[in-house]
Amino acid sequence: MIQIQYQTQRLSMRFFMLMLVLFFVQVVFGLLLSLQHVDPALLAGKLNFNVARTEHLNLGILWILSGFIGTILFVGPLLSKRELAAPGLIKFLFYALLAVVIWNVATQFLARFGIAGWWLGQPWFHEGLEYLEAGRAADVVILIGFSILTYVVLKTFPPRKEWNEIHWGLALGVIALTLVWIFGLFFIERQDVSEYFRWYVVHYWVEGVWEVIHISLVGFLLVLMFDAKVKSVGYAVFWGISLVWLSGLIGNAHHYFWIGTPEFWQFWGSLFSALEPLPLIFCFWHIYLDAHHDRRPLKNAPAFYFILGSVVLEQVGAGILGFTMTFALTNVWSHGTWVTPSHAHLALFGTFGMLGIASAYYAVPLMRNLQGYDERLGRLAFWLVFVGMLGMSFAFALGGTMQVFAYRTLGLDWFGGDIYPAMGFFKALVPVFGTVFLVGTGLIVYDLITLGHRVPSEAATPAAASYADPHAPANGVQAVTGWSRYLTGYETGLWLLGMWFFGAVITFGLLSFNLASVQAGNPTLPYLLASIGYPGLLLVTLLFVWRFLASMGARAQEPAPAADAGAYALGQTA
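Computed from a predicted model, the values in this text were never measured in an experiment.

1. Describing the overall build of the chain
At step 1: For the chain, the helix and strand inventory stands at 17 helices and two strands.
At step 2: Here the C-alpha radius of gyration of the chain, 24 Å, is about what a compact globule of 574 residues would show, namely 25 Å.
At step 3: For the chain, with 574 residues in total, the buried portion stands at 57%.
At step 4: Within the chain, contacts between residues at least 6 apart in sequence are counted, and of these 83% link residues at least 24 apart.
At step 5: Surface summary for the chain: the accessible area is close to 23,100 Å², and the carbon and sulfur share equals 69%.
At step 6: Placing the 28 positive and 30 negative side-chain charges of the chain at their respective mean positions leaves the two points 8 Å apart.

Structure, rendered in structure tokens:
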């Protein structure tokens, strides 16, 4: 039976469990928001839209961070070949994170009464900056928590001369996670300067620091799941991190377009932001290579499903949809509309949220000493949240396109009710797909919390498929054909090209809002391009993931060779 080798890895369990609870509560707030879009009077005066939205955003950041911490603590001993340093500090970190969650959720309700807790020129309860609503009291605790995490990681890791690229990626990630947070610790009265520093935190986290941690963790999980070569994965991690920081540091300027900053940022922000998808393409391609370097059946299907979902939605949400609105001539229309959450939901949940869920599906069964478990709930939950998120993105994107025309081009009144009829159908679609997503979320939470406590079913250890791919050695098993056939690199490239084709259509659709005919009141071209681009992109994404997983599920059962990951292999006991 596979067991964990280092007992301090079990300290990650509490962070994964907290992640699951916060994830579910965040999704409930999200569904409430979608219903308030349909009926703005819902809970008005009791739980106003602005407060519910703030809770939704903050809980999203907190559960993703909890997942990151849990994953880092679980893989840290495997990377270091020794127990985690300072387990007492790790326990303190958990309670500090729990205190921040409770404080943050409670104090946001004070916004309704205009209470921010001003003292010494700083807002100690909450500060009202989007994504950074936490007041200064929570900010200080968060800084201490990040410092503890950095200390634990660096103290646990072996001497620097023994580091590989994954060590460097995680070390740089946790150090930068702490340093970047400092920019959010000061209240600045001038709005343009305040926005500079707010985006230092938000952008450099999401499109810099978090990406570095994401690339490093995905790489090591692939080493564990597929016995991929550490050297090969390390090469991908090195170039991924290099490209993230090369493009992302100046790419932050696409947030400076409309906040009263110098005009030159429109050129440089557009240029470097357009380069930001490059590391995502690199990561997308490497998951194909690592998952196909041997022909073994999946060891843990739900874990890989969510890793694949993380990398693909990173490509689609952060890469392609981010690219479509990263130019000044497209961003002038898309910013502040529903087009933006179409990108943001796929990018934030897809890239970082799915990684935390994947890590939990890998780690929790091991920490509960399960030899095998029923994977059906995990597989079903993946498809529910995946389809639900794609559906919400579709509704946001097309609703946002209509919003751009009615609000930005025609100048109709938002508060007077002129915009609502134009977006009404898509406003109604969001809670429909949101309900699908909530059901999937509930299954994830139930499945992971009760793993090892439920009575195992007969399907606890799914039988490996008795298929072979065209590259398998001759063993008398007929190769699979059709949808489940071996997925070649050439075909993968065609799928990726198809995604970017529809991304280009979307980009031209946003650019068409600059045309004189559209400005004169004819929305035919942007509506046509949006109705082709968004459904096409999301459908190709859905079909590609289905195709990829179908080919993985049809692998031959062959004797497993010795693991390339040897030094990092989990302990084996009879």
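Structure shown, so let's carry the discussion forward.
2. Some points on the nonpolar core
At step 1: The biggest cluster of nonpolar side chains holds 174 residues, and the ones touching the most others in it are Trp205, Trp210, Phe304 and Ile444.
At step 2: Looking at this core, the element that brings in the most residues is helix H6 (residues 191–226), giving 19 residues.
At step 3: Among residues more than four places away in sequence, those in contact with Trp205 are Ile61, Leu65, Phe146, Leu177, Val180, Trp181, Tyr200, Trp210 and Glu211.

3. Brief notes about the packing of aromatic side chains
At step 1: According to the stated counting rule, one finds 54 aromatic pairs in the structure shown.
At step 2: With centroids separated by 6.0 Å and ring planes inclined at 85°, the aromatic side chains of Trp383 and Phe386 adopt a geometry described as edge-to-face. Within this pair, Trp383 and its partner Phe386 are both found in helix H13 (residues 376–409), separated by three residues, close to a single helical turn.
At step 3: Take Phe386: its relative accessible area is 0%, and that puts it in the buried class.
At step 4: The rings of Phe226, Phe284, Phe304, Trp483, Trp495, Phe544, Trp546 and Phe548 are connected pair by pair, giving a single aromatic cluster.
At step 5: The positively charged end of Arg14 is found above the aromatic ring belonging to Phe94, 5.9 Å away from the centroid.
At step 6: Positioned above the aromatic ring of Trp199, the side-chain terminus of Arg198 is 4.5 Å from the ring centre.

4. Focus: helix H2 (residues 49–80)
At step 1: For H2, spanning 32 residues, the distance from its first C-alpha to its last is 46 Å, which sits close to the expected 46 Å at 1.5 Å a residue.
At step 2: Residue Phe74 marks the point of greatest curvature in H2, where the axis turns by about 25°; the proline Pro77 follows within four residues.
At step 3: Most of H2 is tucked away: 29 of the 32 residues are buried.
At step 4: Just beyond H2, the residue with positive phi is Lys81, at close to 60°.

5. Comments concerning empty space enclosed by the protein
At step 1: What the rule picks out here adds up to eight cavities of 30 Å³ or more.
At step 2: If you add up the space inside the largest cavity, you get close to 240 Å³.
At step 3: Around the largest cavity sit 19 residues that line it, and Leu62, Leu65, Val100, Ile142 and Phe146 are the ones nearest its centre.
At step 4: Grouping the constituent residues of the lining of the largest cavity by class yields 16 nonpolar, three polar and no charged.
At step 5: Here the second largest cavity is characterised by a volume of approximately 110 Å³.

6. Examining the pattern of salt bridges
At step 1: Under the criterion given, the structure shown has 11 salt bridges.
At step 2: A salt bridge links Asp227 to Lys299, with the nearest nitrogen and oxygen atoms 3.6 Å apart. You can see Asp227 sitting in the loop between H6 and helix H7 (230–251) and its partner Lys299 sitting in the loop between helix H9 (277–291) and helix H10 (301–324), a full 72 residues away along the chain.
At step 3: For Asp227, a relative accessible area of 7% corresponds to the buried category.
At step 4: Overall, Lys299 belongs to the partly exposed group, its relative accessible area being 48%.
At step 5: Note that Arg547 is salt-bridged to Glu491, the shortest N-O span being 2.9 Å. On the criterion of sequence distance, the pair formed by Arg547 in helix H17 (residues 524–553) and Glu491 in helix H15 (residues 489–511) is long-range, its members being 56 residues apart.
At step 6: What makes Arg547 buried here is its relative accessible area of 0%.

7. A few points about a nonpolar patch on the surface
At step 1: A cluster of nonpolar residues, Leu249, Ile250, Phe264, Phe267, Trp268 and Leu271, forms a patch on the protein surface that exposes about 590 Å² of accessible area.
At step 2: The set of elements that each furnish at least two residues to the nonpolar patch consists of H7 and helix H8 (264–275).
At step 3: The element best represented in the nonpolar patch is H8, accounting for four residues.

8. Description of unusual backbone geometry
At step 1: Of note, the phi angle at Leu120 is positive, near 55°, even though the residue is not glycine.
At step 2: Counting through the fold element by element, Leu120 comes out in the loop between strand E1 (118–119) and strand E2 (122–123).

9. A word on the packing of helix H1 (residues 12–38) against helix H3 (residues 87–108)
At step 1: In the contact formed by H1 and H3, the axes pass within 11 Å of each other and the chain directions differ by 15°. By the angle between their axes, H1 is roughly parallel relative to H3. As H1 packs across H3, the resulting crossing turns out to be left-handed. Packed against H1, whose contacting residues are Arg14, Phe15, Leu18 and Leu22, the element H3 presents Ile90, Lys91, Leu93, Phe94, Leu97, Leu98 and Val101 at the interface.
At step 2: Here the residues of the contact of H1 with H3 sort into nine nonpolar, no polar and two charged.

10. Considering the side chain of His254
At step 1: Note that His254 resides in the loop between H7 and H8.
At step 2: Judged by its relative accessible area of 12%, His254 is buried.
At step 3: Reaching out from His254, the side chain makes a polar contact with the side chain of His255 at a distance of 3.1 Å.
At step 4: Of the polar contacts made by the side chain of His254, one reaches the side chain of Ser273; its length is 2.6 Å.
At step 5: Once residues within four sequence positions are removed from consideration, His254 is found in contact with His203, Glu207, Gly269, Ser273, Glu276, Thr326 and Asn331.

11. Here's the deal with the confidence of the model for the chain
Reading fine detail from the predicted coordinates is not recommended where pLDDT is low.
At step 1: For the chain, per-residue confidence averages 87 on the pLDDT scale, and 91% of positions sit at 70 or higher.
At step 2: By mean pLDDT, H9 is the weakest element of the chain at 80, and H1 is the strongest at 97.

12. With respect to H8
At step 1: With 12 residues, H8 ought to run about 16 Å at 1.5 Å a step, and its terminal C-alpha atoms sit 18 Å apart, in line with that.
At step 2: Gly269, Ser270, Phe272 and Ser273 are the residues of H8 that are buried.

Thresholds, definitions, all that
- Here, residues in each chain are numbered from 1, in the same order as that chain's written sequence.
- Predicted model: local features are reported for residues with pLDDT of at least 70 only, side-chain atom pairs are reported and counted for 80 or more only, and whole-chain, interface and lining totals are derived from all residues.
- With hydrogens and water set aside, each side-chain value is computed from the structure's full complement of heavy atoms.
- Secondary structure is summarised from DSSP: a helix means a run of H or I of at least four residues, a strand means a run of E of at least two, and numbering begins at the N terminus for each.
- The atom set for the radius of gyration is the C-alpha atoms, and the globule formula is 2.2 Å times the number of residues raised to the power 0.38.
- Remark: exposure states derive from per-residue accessible area (1.4 Å probe, protein chains only) relative to the maximum for the residue type, with buried under 20%, exposed over 50%, and partly exposed in between.
- Contact definition: two residues touch when any of their heavy atoms are within 4.5 Å.
- The accessible surface values rely on the Shrake-Rupley method and a 1.4 Å probe; as for residues, cover is taken only from the protein chains in view.
- Within this scheme the basic residues Lys and Arg register as positive and the acidic residues Asp and Glu register as negative, but His and the chain ends are omitted.
- To locate a charge, the coordinates of NZ of Lys, CZ of Arg, CG of Asp or CD of Glu are taken.
- For the purposes of this section, nonpolar cores are sets of buried Ala, Val, Leu, Ile, Met, Phe, Trp, Tyr and Cys residues that join through side-chain atoms within 4.5 Å.
- Any pair of Phe, Tyr and Trp rings, taking the six-membered ring for Trp, is counted once the centres come within 6.5 Å. Such a pair is stacked with planes under 30 degrees apart, edge-to-face with planes over 60 apart, and tilted for the rest.
- Geometrically, a lysine NZ or arginine CZ counts as sitting over a ring once it is within 6 Å of the ring centre and also within 35 degrees of the ring normal.
- How far a helix is expected to stretch is found by multiplying one less than its residue total by 1.5 Å.
- A residue's bend is given by the angle between axes fitted to the 7 residues ending at it and the 7 residues starting at it.
- In this analysis the probe radius is 1.4 Å and the grid spacing 1 Å, with only protein atoms considered; a cavity is a set of points the probe fits into but cannot get out of, a pocket is an open set with protein on both sides within 12 Å along at least five of seven lines, and lining residues have an atom within 4 Å of a point.
- Grid points are joined across faces, edges and corners, and a volume is the space filled by probe spheres set on the points.
- Each residue gets one label: Ala, Val, Leu, Ile, Met, Phe, Trp, Tyr, Cys and Pro are nonpolar, Asp, Glu, Lys and Arg are charged, and the others, such as Gly, are polar.
- The rule for a salt bridge is simple: a side-chain nitrogen of Lys or Arg has to be within 4 Å of a carboxyl oxygen of Asp or Glu.
- Here, patches come from residues exposed beyond 30% relative accessible area and free of salt bridges, joined within 9 Å for like charges and within 5 Å for nonpolar side chains (Val, Leu, Ile, Met, Phe, Trp, Tyr).
- For helices, the fitted axis covers only the stretch in contact; all axes are lines through C-alpha atoms, and the angles between them, taken along N-to-C directions, range from 0 to 180 degrees.
- In this scheme, roughly parallel covers angles under 35 degrees and roughly antiparallel covers those over 145, while 65 to 115 is roughly perpendicular and the rest are oblique.
- A clockwise turn of the near helix away from the far one marks a right-handed crossing, whereas an anticlockwise turn of less than a right angle marks a left-handed crossing.
- Polar contact criterion, stated in full: a pair of N or O atoms within 3.5 Å, where within protein one must be able to donate a hydrogen and the other to accept it, and residues adjacent in sequence count only if both atoms are side-chain atoms.
- What pLDDT conveys is the predictor's confidence in a given residue, as a value from 0 to 100.

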